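Chain and residue survey
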Amino acid sequence: MLKEISLGLAVALLIFAAAAGYNILPLVMLSLLGGTLYFIAYNKGMITNFTGTEKTSSHKINFDDIGGQATAIKELRECLDFIKNEDKVKKLGIRPLKGILLTGPPGTGKTLLAKAAANYTDGVFLSCSGSEFVEMYAGVGAQRVRKLFSSAKEKAKKQGKKNSIIFIDEVEILGAKRGKNFSHMEYDQTLNELLVQMDGLKVDDSVRLLVMAATNRADMLDDALLRPGRFDRQVKVELPDRQGRYEILKIHTRNKPLADDVDLNMVAKETFGFSGAHLESLTNEAAILAMRENCSKIHYQHLQEAIDKVIMGEKLDRRPSREELFRVAVHETGHALASEMVSPGSVSTLTVTPRGGALGYMRQHNEEDSYLYTREHLENQIAVMLAGALAEELVLGNRSTGSANDFEKAFETAEKIIKSGLSDLGIVSWDSLPQEKKYKEIKNILNHQEKRVMEYLQKKKKVIEETAGRLMEKEKVTGEEFRTIVQKIIA
Ligand code: ADP
């Protein structure tokens, strides 16, 4: 960016000078010569703009600063102890550990783990991303890899350290399977250079280098990278479970004043599927909301609103008409009623505040994190998804386009039932199942749930009307308030 601005300014200056009557020919010739020399040097990889930055000065990350990754930390520590106990390793003739691959979804703490590893081994930490090695010109990427390895060694020597950790984020960009890239062989050369550099690492080098790489697409990596002697250790860094989320929330609220009504366990319960990065952002957003409201402490309601914000995005200024708002309120109440029908106590909040891409939504909290589902569970999910449109039909007499997304998800879930062999068709191969049969079975599953939900909603029409009215007034109804309305109308 800076380059473009300076170039623009230089050209403008030249034009100005020419207009003012100066002889600019020598200057133009000189710039051309300089430009050509730069181009040649860059092309040959003599100039690199490798931006791997050393991050040893700022706050040092410890394994204690990483929540919910006990297994990954344990595995990683075991690997790092090899480096720490170098003498033993040498005596037993063990080949040095050269690479550790961290695999898992984004935001789960892979970079943090690499930083903590550098701290644990008292080494220098250099980090870069796979995309920094991707260049148009052949050889530049390979040159950068060499530069990265040599600067890791130099920096450690300068600081009198024995270890250096190189962290390559998004390694799949640089280490994708060879021969798959369309244009020339630049990618392959870069990867080859990385392999050569890793093969060159020895136990008796004065500075021990360890390459840590992170990816969420381990399947894309070239087999040569995963061969013994290269990235031969793989550490899985998964999304945190409920206890993990609780630990991460504790870490990120250490420096934040929490009011007495805050129960982090409850927040952990409501944030299934959140990564560490999401949780960090959630605590930060809650603090911002507290500040906006001039509160000296963060209250539970701030955390609740922050969850909505992280899931759905910032509140929108766009206000639907009263008629539309009532429709949204009815729709969301439909979802909530079905959610209570299949799992009592599961509704967390109902809102009709437009955020991100949605005009309103109903949030549930799960009793337990679950990773495997039965047919009944999936059918219940479909019931909740269809309930919005059905409530609209029941109360307003027609449906709207607002349900398109729900139907799409319901279709996907029905597909999942069939693919997992849980449908009436039994165990089938999805790919060889005729289109017509697939469609018929999906319709069958959806129709069944549609009928079930409609029968239930018909008995609860009054609850829908009352809750929708409350939502129009207050924009938000908590799970408890909703359950009170349901109870009251039964009584
Ligand atoms: P990744 O490298 O897996 O994409 P990062 O390590 O860069 O994720 O995490 C981004 C941010 O999210 C961190 O700076 C930290 O604030 C937060 N974070 C992620 N995972 C955790 C965790 N397990 N414990 C504490 N904080 C975390």
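Residues numbered from 1 in each chain as written. Predicted model: local features only at pLDDT ≥ 70, side-chain atom pairs only at ≥ 80, totals over all residues. Heavy atoms only, no water.

Observations concerning the overall build of the protein
Each helix and strand in the protein was counted, giving 19 helices and nine strands. Here the protein holds 491 residues, and 44% of them are scored as buried. Residue pairs at least 24 apart in sequence account for 77% of intrachain contacts in the protein once pairs closer than 6 positions are excluded. A total accessible area of about 26100 Å² is found for the protein, and carbon and sulfur atoms account for 55% of it. (Helix = DSSP H or I, 4+ residues; strand = E, 2+ residues; numbered from the N terminus. Buried < 20%, exposed > 50% of the residue type's maximum accessible area, 1.4 Å probe, protein only. Contact = heavy atoms within 4.5 Å. Areas by Shrake-Rupley, 256 points an atom, 1.4 Å probe, with all protein chains shown as cover.)

What about the side chain of K256?
Take K256: it is sitting in the loop between α10 (242-252) and α11 (264-269). A distance of 3.4 Å separates polar atoms of two side chains, one belonging to K256 and the other to N255. Not counting residues up to four positions away in its chain, the partners in contact with K256 are T283, N284, A287 and I298. (Polar contact = N/O pair within 3.5 Å; in protein donor to acceptor, adjacent residues only side chain to side chain.)

Digging into the site of the ligand
Around the ligand sit 16 residues in total, of which G67, G107, K110, T111 and H252 are the nearest. In the environment of the ligand, an oxygen atom lies 3.2 Å from a nitrogen or oxygen atom belonging to the backbone of T108. A distance of 2.8 Å separates a nitrogen atom of the ligand from a polar side-chain atom of H252. Its free accessible area being 560 Å², the ligand has 81% of it covered by the protein chains. Only α5 (110-120), α10 and α12 (276-292) provide two or more residues apiece to the shell around the ligand. Split by residue class, the shell around the ligand holds five nonpolar, eight polar and three charged. (Near = heavy atom within 4 Å. Nonpolar A, V, L, I, M, F, W, Y, C, P; charged D, E, K, R; others polar.)

Remarks on the packing of aromatic side chains
On inspection of all chains with the given rule, the structure shows two aromatic pairs. Geometrically, the ring pair formed by F125 and F167 is stacked, given 6.2 Å between the ring centres and 25° between the ring planes. Placement of the pair is F125 in strand β3 (residues 123-129) and F167 in strand β4 (residues 163-169), with a sequence separation of 42 residues. Pair check on accessibility: F125 and F167 agree, each one buried. Across from the ring centre of Y120, 4.0 Å away, lies the NZ or CZ of K84, which sits over that ring. (Phe/Tyr/Trp six-rings, centres within 6.5 Å; stacked < 30°, edge-to-face > 60°. Lys NZ or Arg CZ within 6 Å of the ring centre and 35° of its normal.)

Quick look at the packing of helix α3 (residues 70-84) against α5
Where α3 meets α5, the closest approach of the two axes is 10 Å, and the angle between their N-to-C directions is 35°. As for the relative orientation of α3 and α5, their crossing is right-handed in sense. Between α3 and α5, the contacting residues are A72, I73, L76, R77, L80, D81 and K84 on the first element and L113, A117 and Y120 on the second. Here the contact of α3 with α5 is composed, by residue class, of seven nonpolar, no polar and three charged. (Axes fitted to C-alpha atoms, helices over the stretch in contact; angles between N-to-C directions. Left-handed = near helix turned anticlockwise from the far one by under 90°.)

Description of the pattern of salt bridges
Inspection of every chain in the model, using the stated rule, returns 25 salt bridges. With a closest N to O distance of 2.6 Å, E393 and R399 form a salt bridge. Judged by its relative accessible area of 36%, R399 falls in the partly exposed class. We note a salt bridge from E466 to K488, for which the minimum N-O separation is 2.8 Å. Taken as a pair, E466 in helix α18 (residues 461-474) and K488 in helix α19 (residues 479-490) lie far apart in primary sequence, 22 residues in all. Here E466 falls in the partly exposed class, since its relative accessible area comes to 30%. (Salt bridge = Lys/Arg side-chain N within 4 Å of Asp/Glu carboxyl O.)

Structural notes on the environment of R146
For R146, the position within the fold is in helix α6 (residues 140-158). For the pair R146 and E193, spaced 47 residues apart in sequence, the C-alpha separation works out to 7.4 Å. Sequence-distant contacts of R146, defined by excluding residues within four places in its chain, comprise E193 and Q197.

Concerning the nonpolar core
Formed by 44 residues in total, the largest nonpolar core has its most connected members in L337, L350, I382, L457, I464 and F482. Secondary-structure elements contributing two or more residues to this core are α14 (322-342), β7 (347-351), α15 (375-396), α16 (404-419), α17 (435-459), α18 and α19. When residues of this core are assigned to their parent elements, the largest contribution, 11 residues, is made by α15. Aside from chain neighbours lying at most four places away, what touches L350 is E332, T333, A336, Y361, M362, T467, L471, E475, K476, V477 and F482. (Core = buried A, V, L, I, M, F, W, Y, C linked by side-chain atoms within 4.5 Å.)

Remarks on unusual backbone geometry
Here D122, not a glycine, exhibits a phi torsion of approximately 55°, which is positive. By the element assignment, D122 lies in the loop between α5 and β3. Note on D122: relative accessible area 45%, which makes it partly exposed. With phi around 70°, E475 is a residue other than glycine that occupies positive phi space. Tracing the chain through its elements places E475 in the loop between α18 and β9 (476-478).

Comments concerning the pairing of strand β5 (residues 208-215)
Burial analysis of β5 places eight of its eight residues in the buried class, which makes it a mostly covered element. The alternating pattern of β5 places R208, L210, M212 and A214 and L209, V211, A213 and T215 on opposite faces, both of which are buried. Two strands pair when backbone bridges link them, and strand β2 (residues 99-103) and β5 are joined in this way by five bridges, in the parallel orientation. Residue pairing in the sheet places T103 in a bridge with T215 of β5. (Pairing = 2+ DSSP bridges.)

Focus on α3
Over its 15 residues, α3 runs 20 Å from end to end, which matches the ideal 21 Å to within 8%, given 1.5 Å per residue. Those residues of α3 that fall on the buried side of the exposure criterion are A72, I73, L76, C79, L80 and I83. Looking at the buried side of α3, the elements it contacts are α4 (86-91), β2, α5, β4, β5 and β6 (233-236). (Expected span 1.5 Å × (residues − 1).)

Notes on the environment of L76
Tracing the sequence through the fold places L76 in helix α3. Along the backbone, L76 and A114 are 38 residues apart, and their C-alpha atoms lie at a distance of 9.3 Å. Setting aside anything within four residues of it in sequence, one finds L76 in contact with F63, I100, L113, A117 and M212.

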